[in-house]
Every structure is written in structure tokens, then in C-alpha cells.
Amino acid sequence: MAKIIVITSGKGGVGKTTTSAAISTGLAKRGYKTVVIDFDVGLRNLDLIMGCERRVVYDFVNVIKEEANLNQALIKDKRVDNLYILPASQTRDKDALDLEGVKKVIDDLAKDFAYIICDSPAGIEKGAMMAMYFADEAIVVTNPEVSSVRDSDRVLGILASKTQRAEENQEPVKESLLLTRYSPERVEKGEMLSVDDVKEILAIPLLGVIPESQSVLNASNSGQPVILDEESDAGNAYEDAVARLLGEEVPHRFLDIEKKGFFGRLFGG
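Residues numbered from 1 in each chain as written. Predicted model: local features only at pLDDT ≥ 70, side-chain atom pairs only at ≥ 80, totals over all residues. Heavy atoms only, no water.

### Description of the overall build of the protein
Condition: For helices the rule is a DSSP run of H or I covering at least 4 residues; for strands it is a run of E covering at least 2, with both sets numbered from the N terminus onward. With C-alpha atoms as the basis for the radius of gyration, the globule rule is written as 2.2 Å multiplied by the number of residues raised to the power 0.38. Only protein chains enter the accessibility calculation, which uses a 1.4 Å probe; a residue is then buried when its area is under 20% of its type maximum, exposed when over 50%, and partly exposed in between. Any pair of residues with heavy atoms lying within 4.5 Å of one another is described as a contacting pair. For every accessible area listed, the method is Shrake-Rupley and the probe measures 1.4 Å; residues are considered covered only by the protein chains on display. The convention is simple: Lys and Arg are positive, Asp and Glu are negative, and His and the chain ends are not counted. The atoms used to mark charge sites are NZ of Lys, CZ of Arg, CG of Asp and CD of Glu.
Assigned secondary structure in the protein consists of 13 helices and eight strands. Against the 2.2 N^0.38 benchmark of 18 Å for 269 residues, the protein shows a C-alpha radius of gyration of 18 Å, consistent with a compact globule. Referenced to the eigenvectors of the C-alpha coordinate spread, the extents of the protein come out at roughly 65 × 40 × 35 Å. The buried share of the protein, taken over its 269 residues, is 53%. A separation threshold of at least 6 residues defines the contact pool for the protein, and within that pool the share at least 24 residues apart is 75%. Working note: accessible area of the protein is about 12900 Å², and carbon and sulfur atoms make up 46% of it. Charged side chains in the protein number 33 positive and 44 negative. The centres of these two groups are separated by 2 Å.

Right under this line is the structure:
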């Protein structure tokens with residue numbers, strides 16, 4: 001039975017697509033057959049971050065409109081076994097998605113995949129609602145700033161009321177929090193909310209904290225999910241998040257200011 005996980009947020013630019021790429025890659029690395037779907041019709045980005053933009057022939061909308069089948073549209077990742085990408089259309093708008101069509105695609109994928117990751121567009125418009133509707137779990141991505149957290153709170157309300165599970169009185173969508181672009185130094189200066197502040201406002205379990213890192217931008221620009229960068233703090237933090245998603249108990253890292261050793265203090269390193 002496939003597990004359907006939506007990566008969502010209220011605000012744009014918080015790192016949803018980076019997270020979708022990292023989480024799906026991490027699950028596939030651990031041996032789970034995983035597909036990641038780009039729901040951001042018209043503003044396709046997932047294929048860039050996954051480094052497969054030149055291999056897109058057919059897309060999600062083509063499959064929904066029966067202009068192509070799933071086998072034609074799915075792109076197999078060249079670096080990680082068990083990982084597939086279903087890209088969004090760049091030439092259609094959000095109205096090209098309809099619940100019946102999305103359901104059919106997800107049902108067909110569920111026959112073959114252990115995990116279906118839905119990369120949601122920002123906000124609460126149609127594409128985002130479609131990405132959330134069939135979810136079993138939701139990873140709510142937010143930055144440690146008031147506007148981002150407030151918008152995420154709005155998304156939690158939708159997950160609780162407008163998904164298939166809510167409408168059919170099933171067990172609620174399982175929610176977890178992923179905090180991105182976190183800087184303990186800036187928290188200490190009062191320039192951003194702390195982990196505890198965000199947890200108190202949103203009141204959902206913490207899946208992971210991704211530190212502010214140049215490696216995220218570098219990975220995106222090179223078309224490689226940051227989780228494959230084993231030297232980076234951000235890559236390691238995503239690995240930890242995948243482990244927790246699979247039920248492992250892993251302590252949270254990167255929450256505190258790193259104390260410099262004697263030579264670091266001496267030379268300002």
C-alpha cells in the first residue's frame with residue numbers, strides 16, 4: 001500500500017521543492033520505490049532541482065488528459081535507483097488539474113510505488129488543494145519568521161478540513177513540521193523565531209530543522225538534491241528527517257550555535 005505524502009506550506013520560497021527532492025531521494029536511497037510529483041503547473045521547478053529538465057517529454061497534465069501514459073511521462077533518476085519524477089506542465093494553468101484525473105494517476109502509481117511525494121505549489125489555490133487532497137501525511141515546510149509560520153497555520157486548517165480523509169471522517173492526515181533556513185546565531189540576536197517558538201505556534205511534531213546553508217543553493221543550481229551532498233549540514237539534516245519519517249529516533253542537530261575550539265577563537269575561524 002503506497003503512502004502519499006504532501007510537502008506543503010502557505011508561503012512561497014520556503015524550500016518545498018528542495019524538500020520534496022531531498023525527501024524523495026532519501027527514501028529511494030533506503031530502498032523504497034518512490035515517485036515525486038510536481039503539482040506546480042505553469043511554474044515547473046522540480047525537474048531543475050532533480051537535474052532532469054532536458055529529459056521531460058510528457059508531463060503530469062498529459063497523463064491526466066490521456067495524451068500520454070504514465071510510462072511515457074515518468075522520468076527515472078540516473079543517480080538513485082527506485083526514484084522517479086513526474087514533472088509538471090509549463091504551458092498549462094492550474095485549471096488543467098481535476099480531482100478525478102489526479103485520483104486516477106495516484107491510484108495507478110500506488111500499484112507500483114511505496115511512496116508518492118506530492119510537491120505542492122505555495123498558498124491555498126487549486127494546485128495546492130489538489131496536492132493535499134489525497135495525502136496520508138503532510139510535511140509542512142516553514143521558515144522561522146512570523147509571516148511564514150502564520151501562513152503554515154492556515155494550511156494546517158485546510159489539512160484538517162478539506163482533504164479526502166477529513167471529508168470521509170477517516171483518521172486525520174498525519175502532520176509534521178520541517179523548519180528550513182534556520183540560523184541559531186540569528187535566533188540569538190532576535191532576528192528570527194526559535195524552534196520552540198515555531199513549535200508552540202503550530203503545535204505539530206517536529207520532523208527536522210534544516211540549517212541555513214549555501215549548499216542548498218549550490219545543489220539547486222547544479223541540479224542535484226542537497227541530500228546527496230554528504231559533506232553539508234543541510235544534506236545531513238535532511239538525512240535525519242528521512243530517518244524520523246521512517247520511525248527512527250534520531251536526535252535533532254544544528255539547533256545551537258557551534259562553539260569554536262581554541263584555534264577557531266584564536267584565528268576567528
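Further notes follow.
### Digging into the nonpolar core
Applied cut-off: Nine residue types can take part in a nonpolar core, namely buried Ala, Val, Leu, Ile, Met, Phe, Trp, Tyr and Cys, and a core is a set of them joined through side-chain atoms within 4.5 Å.
Within the largest apolar cluster, 51 residues are counted, with the highest numbers of intra-cluster contacts made by Phe-39, Phe-60, Leu-97, Val-102, Leu-109, Ile-116 and Leu-159. For Ile-116, the contacting residues outside a window of four places in its chain are Ala-2, Lys-3, Ile-4, Ile-5, Val-35, Ile-37, Ile-106, Leu-109 and Ala-110. Core analysis: the next-biggest nonpolar cluster, separate from the first, contains 35 residues, Leu-27, Leu-83, Val-141 and Val-242 among them.

### Regarding the packing of aromatic side chains
Quick note on the threshold: Working definition: rings of Phe, Tyr and Trp (its six-membered ring) pair if their centres are within 6.5 Å, and the pair is stacked with planes under 30 degrees apart, edge-to-face with planes over 60 apart, and tilted otherwise.
Applying the stated criterion across every chain, the model contains four aromatic pairs. With a centroid separation of 5.0 Å and an interplanar angle of 80°, the aromatic rings of Phe-39 and Phe-60 are classed as edge-to-face. Of this pair, Phe-39 sits in the loop between strand 2 (34-38) and helix 2 (46-49) while Phe-60 is found in helix 3 (residues 60-64), placing the two residues 21 residues apart along the sequence. Of the residues examined, Phe-60 reaches a relative accessible area of 0% and is grouped as buried. Relative to Phe-113, the ring of Tyr-84 has its centre 5.4 Å away and its plane inclined at 80°; by these criteria the two rings are edge-to-face. Here the residue Tyr-84 occupies a position in strand 4 (residues 83-86), and Phe-113 occupies one in the loop between helix 5 (99-110) and strand 5 (115-119), the gap between them amounting to 29 residues.

### Quick look at the state of the cysteines
Counted only if it meets this: For this text, the term disulfide refers to a pair of cysteine sulfurs within 2.5 Å.
As enumerated under the stated definition, the model contains zero disulfides in all. Cys-52 takes part in no disulfide bond, and the closest cysteine sulfur, belonging to Cys-118, lies 16 Å away. A relative accessible area of 3% places Cys-52 in the buried class. The class for Cys-118 is buried, based on a relative accessible area of 1%.

### Side note on the pairing of strand 2
Where burial is concerned, most of strand 2 is hidden: five out of the five residues are buried. By the alternation rule, side chains of strand 2 split into Thr-34, Val-36 and Asp-38 and Val-35 and Ile-37, which are all buried.

### A short note on the pattern of salt bridges
Should their charged atoms come close, side chains of opposite charge can pair. The following threshold applies: The salt bridge criterion pairs a side-chain nitrogen of Lys or Arg with a carboxyl oxygen of Asp or Glu, the two atoms within 4 Å.
The full count for this structure, using the stated rule, is 15 salt bridges. Of the charged contacts in the structure, one is a salt bridge between Asp-81 and Lys-76, with a shortest N-O distance of 3.7 Å. With a relative accessible area of 54%, Asp-81 lands in the exposed category. For Lys-76, a relative accessible area of 35% corresponds to the partly exposed category. We note a salt bridge from Lys-103 to Asp-107, for which the minimum N-O separation is 2.7 Å. Of this pair, Lys-103 and Asp-107 both sit in helix 5, four residues apart, roughly one helical turn. For Asp-107, a relative accessible area of 36% gives the class partly exposed. Among the charged side chains, a network of salt bridges with common partners joins Lys-104, Asp-108 and Lys-111.

### Topic: the packing of helix 7 (residues 146-161) against helix 10 (residues 195-202)
Our working rule: The angle between two axes is taken between their N-to-C directions and runs from 0 to 180 degrees, where each axis is a line fitted to C-alpha atoms and a helix contributes only its stretch in contact. Helix crossings fall into two classes, left-handed where the near helix is turned counterclockwise from the far one by less than a right angle and right-handed where it is turned clockwise. Three classes are used: nonpolar for Ala, Val, Leu, Ile, Met, Phe, Trp, Tyr, Cys and Pro, charged for Asp, Glu, Lys and Arg, and polar for all others, with Gly counted as polar.
At a minimum axis distance of 10 Å, the contact between helix 7 and helix 10 shows a crossing angle of 30°. Crossing of helix 7 over helix 10 shows right-handed handedness. Contacts from Val-149, Ser-152, Asp-153 and Leu-156 in helix 7 reach Val-198, Ile-201 and Leu-202 in helix 10. Taken together, the residues of the contact of helix 7 with helix 10 sort by class into five nonpolar, one polar and one charged.

### Examining a negative patch on the surface
The criterion, for reference: A patch consists of residues exposed above 30% relative accessible area that lack any salt bridge, with like charges linked at up to 9 Å and nonpolar side chains (Val, Leu, Ile, Met, Phe, Trp, Tyr) linked at up to 5 Å.
A contiguous patch of negative charge on the surface is contributed by Glu-185, Glu-188, Asp-233 and Glu-258. Locating Asp-233 in the fold gives a position in helix 12 (residues 233-245). Given a relative accessible area of 38%, Asp-233 falls into the partly exposed group.

The values are spatial; any link to function lies outside them.
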